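Topology and contacts: notes
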Amino acid sequence: MADTRAHKMKLSVVIPVYNEAATIEEIVRRVQAVDLGVEKELVLVDDASTDGTREILARMQAHQPELKVLFHEHNCGKGAALRTGFAAATGDAIVIQDADLEYDPQDLKGLLKPILDGHADVVYGSRFLGGGPHRVVYFWHYVGNRLLTTLSNMMTDLNLTDMEVCYKMFRREVLESVKIQEDRFGFEVEITAKVARGNWRVYEVPVSYYGRSYAEGKKITWRDGLWALWCILKYRFK
């Protein structure tokens, strides 16, 4: 059954991009190189980068017309970039891939398997299930992540270990059933609440994590954590 599903399946890899000139070519190369046994589609959405990323993407698209590259004229946030990418994706399954090399595309194999096997509608990666290398970076980020995940679980009745993880894979029907409203990092909370409300089958698989420091370009801040906290309450009742 899994082989038949794999033969027919197409996976869209949606990559939101903002000021990632140093890594964008390498992450595309890595996604293209990983053998998943299914057809792949790459959808890149530049959220009005100002560091030369847009020019790099335009050049890449000129040499690789199979890449779908979309450009926002104004910076709107990760959630908005994902909305644009999801709308352009044509795959049977859709996964989010950050552009900053914190996540290894080799882990996409593990995320895809529960969907190919017919067990899952949604698969989250988890940096806390012990699946591979995990860079030791910020203690308070870890505490904040676990707090937000716990509070989210209390509101959704899921038992996730890593709600804020980048790697989230969805069957197309799941994304078609929800309307994403959050423009920025509140997306993680919103999509989790709406997946839970839809009673979709959710799985978790371990993933590696090569975290960046702020000096290396990390963007999320404590303000995003506060907004995520508000969103947990907001989408519990909305």
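My aim in this report is to walk through the structure given alongside it, one point at a time. From a predicted model like this one, the values you see are computed outputs, not experimental measurements.

Here the focus is the overall build of the chain. The helix and strand tally for the chain stands at nine helices and seven strands. In summary, the chain has a C-alpha radius of gyration of 17 Å against a globular reference of 18 Å for 238 residues, a match within 12%. Taken over the C-alpha atoms alone, the chain extends approximately 50 × 45 × 35 Å along its principal axes. Counting only residues that meet the buried cut, the chain has 50% of its 238 residues in that class. Across the chain, the fraction of contacts at a sequence separation of at least 24, relative to all contacts at a separation of at least 6, is 81%. Carbon and sulfur atoms make up 55% of the accessible area of the chain, which amounts to about 11,300 Å² in all.

Contact pair helix α2 (residues 24–33) / helix α3 (residues 53–63): the axes reach a minimum separation of 10 Å and the direction vectors enclose 40 degrees. Note on element contacts: α3 touches α2 through Ile56, Leu57, Arg59 and Met60, opposite Ile24, Glu25 and Val28. Taken together, the residues of the contact of α2 with α3 sort by class into five nonpolar, no polar and two charged.

Time to look at the sheet that holds strand β2 (residues 39–46). The seven strands are arranged β3-β2-β1-β4-β6-β5-β7 in an open sheet whose pairing can be described as mixed. Looking at strand neighbours, the two that pair on one side only are β3 (68–71) and β7 (202–206), the edges of this open sheet. The average angle at which neighbouring strand axes cross in this sheet is 20 degrees, direction not considered. Looking at chain direction, strand β4 (residues 93–96) and strand β6 (residues 168–171) are connected through three bridges and run antiparallel. If you follow Ala93 over to β6, its bridge partner there is Arg171. With respect to the sheet, helix α5 (residues 108–116) is in contact with β4, β5 (122–126), β6 and β7, its orientation differing from that of β6 by roughly 30 degrees.

A few words now on the packing of aromatic side chains. Per the counting criterion, the structure on display carries four aromatic pairs. Look at Phe86 and Phe170: their rings are 6.5 Å apart centre to centre, the planes differ by 70 degrees, and that puts the pair in the edge-to-face class. Of this pair, Phe86 sits in helix α4 (residues 78–88) while Phe170 sits in strand β6, placing them 84 residues apart in sequence. Relative accessible area serves as the criterion here: at 12%, Phe86 is assigned to the buried category. Here the aromatic rings of Phe86 and Phe187 are separated by 6.2 Å at their centres, their planes lie at 50 degrees, and the arrangement is tilted. Taken together, the residues Phe86 in helix α4 and Phe187 in helix α8 (residues 187–197) connect sequence positions 101 residues apart.

About the thresholds
- The residue numbering used here restarts from 1 in each chain and proceeds along that chain's sequence as written.
- Confidence filtering applies because this is a predicted model: local features only for residues at pLDDT of at least 70, side-chain atom pairs given and counted only at 80 or more, and all residues used for totals across whole chains, interfaces and linings.
- Think of the side-chain values as coming from all heavy atoms in the structure, minus any hydrogens and water.
- Think of it this way: any DSSP run of H or I at least four residues long counts as a helix, any run of E at least two long counts as a strand, and we number them from the N terminus.
- We compute the radius of gyration over the C-alpha atoms and compare it with the globule rule, which gives 2.2 Å times the number of residues raised to the power 0.38.
- Only protein chains enter the accessibility calculation, which uses a 1.4 Å probe. A residue is then buried if its area is under 20% of the maximum for its type, exposed if over 50%, and partly exposed in between.
- Throughout, a contact is declared for two residues whenever any of their heavy atoms are within 4.5 Å.
- Here the Shrake-Rupley method, with its probe set to 1.4 Å, supplies the accessible areas, and only the displayed protein chains count as covering residues.
- Angles here are taken between N-to-C directions and fall from 0 to 180 degrees, while the axes themselves are lines fitted to C-alpha atoms, restricted in helices to the stretch in contact.
- Here the nonpolar group is Ala, Val, Leu, Ile, Met, Phe, Trp, Tyr, Cys and Pro; Asp, Glu, Lys and Arg are the charged ones; every other residue, Gly included, is treated as polar.
- Two strands pair under a simple rule: DSSP has to find at least two bridges between them.
- When two rings of Phe, Tyr or Trp (its six-membered ring) have centres within 6.5 Å they constitute a pair, described as stacked for plane angles under 30 degrees, edge-to-face for angles over 60, and tilted for the intermediate range.

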